[in-house]
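Chain residues, written in single-letter form:
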Amino acid sequence: MDNQEEYQQNDSGEMTLEWAREEVDRLDHVTLNIAVTGESGSGKSAFVNAFRGLQDTDEGAAETGVTETTMEPTMYPHPTMPNVKIWDLPGIGSPMFKAETYMKDVKYPNYDFFIIVSASRFKENDAILAKEIMKKKKNFYFVRTKTDTDVSQEERKGVGEEQTLQKIRKNCLENLRTLGPPPVFLITSNKLERFDFPELVNTLERDLPYHKRDALVMSLPVHSKEFLDKKYSRFKKTAWVLATASAGITVIPVPGLSLAFDVAMVVSFLTKCYYSFGLNDGTLQKLSERVNKPILAKARESALVMAIAEESSLAAKAAARLGAAGVVEALCILVPGPGNIAAAGISFATTQSVLLEGVKELYSVAKGVIEMAEVK
Ligand SMILES: Nc1nc2c(ncn2[C@@H]2O[C@H](COP(=O)(O)OP(=O)(O)OP(=O)(O)O)[C@@H](O)[C@H]2O)c(=O)[nH]1
Ligand SMILES: [Mg+2]
């Protein structure tokens, strides 16, 4: 304990070991439960899939297109972050879910916020639902889907995109007059980078407590360059936190244990980053097919991407990078007093640089992918 305290005193920055440990714990345990509701056929399931970075035809995707009204809340876990859960709720006003008891019936305290989806105009039930959500002091967001269809239909009549969007916004707000009116986000689940999805994400981020914000940013698919940059800065911050937390491990008086801990942590962190940046084979393969370019092959030119894809070699690479410092650490921990602090310093600097170099490499590959796919 003495050594840990000393480390904190020596650390002139804001990040103390204790703070970093709490952060790591929060990152591991943070949950995000998102409720998606709206009328049957409005595009809820397609939205749920898009939010999870899945295509409607992917394994594990929510079924779309079939006419079947959801009779009870259905949970869809995020494919790589199981603590992020999206719930497809039954529509309000259905025989089993009366407006008066809806919130209680769907177990409202479970959700962080609600997304009310509509493909055409918002109806009275949507406004009633919003009022009920407000009463329970939860946040809600109106999402108007299938905007792509409206824009192309109007274009055929010679009406420009901006004019169509204005018309839809005006119409939505008129229908939601009694509520304020609240902002409405026009989106298309087929292409999140179009229309207001980035704005919706910014708003959600602003409203969420900060540790849930990280979970949101890390779990959403990369849909724009700006969003990739946002993910990159989150992962850089996490690298700092993890390196700070791992520095405290040097006080464990078993040579080699610190290194083993660091290797496992580096592997888990970079793997998370790899999925979050959309660099896994499945995602890249689909993208390659969609834009008809060898994106997967290009990404695999990165040794780090390859190592993560083939799991086992990543641990060996991380161990090799961290190993030199590990020997010094093992020696230092046998020496009482300031030796431990020196070891913590070495461990911190090495672990941090390995994490930061890793995340930077993955970011540069992900940026290349976006450029190749010509996502704006
Ligand atoms: N063009 C376009 N089609 C969409 C969009 N969102 C959904 N759809 C299509 O609209 C149809 C209905 O979408 P679903 O996601 O199944 O709707 P739902 O609200 O889950 O329907 P229920 O589960 O029956 O209540 C499907 O054929 C989707 O492919 C969109 O943003 N753009
Ligand atoms: Mg559905």
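The structure under discussion appears in the preceding block.
Residues numbered from 1 in each chain as written. Chains lettered and ligands numbered in written order. Predicted model: local features only at pLDDT ≥ 70, side-chain atom pairs only at ≥ 80, totals over all residues. Heavy atoms only, no water.

(A) Just helix 7 (residues 161–175), in detail. End to end, helix 7 covers 21 Å across 15 residues, agreeing with the expected 21 Å (1.5 Å per residue, within 8%). If you check which residues of helix 7 are buried, you get Thr164, Leu165, Ile168 and Cys172. One face of helix 7 carries all of its buried residues, which in axial projection span an arc of 100 degrees. In helix 7, those exposed residues whose orientation departs by more than 90 degrees from the buried face are Gln163, Gln166, Lys167 and Lys170. (Helix = DSSP H or I, 4+ residues; strand = E, 2+ residues; numbered from the N terminus. Expected span 1.5 Å × (residues − 1). Buried < 20%, exposed > 50% of the residue type's maximum accessible area, 1.4 Å probe, protein only. Arc of directions from axis to C-beta.)

(B) Just unusual backbone geometry, in detail. Of note in the backbone geometry, lysine 107 takes a positive phi value of approximately 60 degrees without being a glycine. Tracing the backbone shows lysine 107 in the loop between helix 4 (102–105) and strand 4 (113–118). Given a relative accessible area of 51%, lysine 107 falls into the exposed group. Located in the positive-phi region is lysine 146, a residue other than glycine, with phi close to 55 degrees. Looking at where lysine 146 falls in the secondary structure, it is placed in the loop between strand 5 (139–144) and helix 6 (147–156).

(C) Fine view of the sheet that holds strand 4. Read from one edge of the open sheet, six strands run 2-3-1-4-5-6, paired in mixed fashion. Two strands bound the open sheet, and with one partner strand each, they are strand 2 (74–77) and strand 6 (184–186). The sheet shows a mean angle of 25 degrees between the axes of neighbouring strands, taken without regard to direction. Pairing of strand 5 with strand 6 involves three bridges; the strand directions are parallel. Looking at strand 6, one finds that valine 143 is bridged to phenylalanine 185. (Pairing = 2+ DSSP bridges. Axes fitted to C-alpha atoms, helices over the stretch in contact; angles between N-to-C directions.)

(D) Fine view of the side chain of aspartate 126. Locating aspartate 126 in the fold gives a position in helix 5 (residues 124–135). For the buried aspartate 126, no salt bridge is present, and the opposite-charge side chain at shortest range is lysine 123, 6.4 Å distant. Aspartate 126 has contacts with Ile116 and Phe142, leaving out every residue within four places of it along the chain. (Lys, Arg positive; Asp, Glu negative; His and termini not counted. Salt bridge = Lys/Arg side-chain N within 4 Å of Asp/Glu carboxyl O. Contact = heavy atoms within 4.5 Å.)

(E) Focus on the pattern of salt bridges. Per the stated rule, a full pass over the model turns up 18 salt bridges. A salt bridge links lysine 298 to glutamate 301, with the shortest nitrogen-to-oxygen separation between them at 3.2 Å. Taking the relative accessible area as the measure of exposure, lysine 298 reaches 45% and is therefore partly exposed. Residue glutamate 301 is classed as exposed on the basis of its relative accessible area of 59%.

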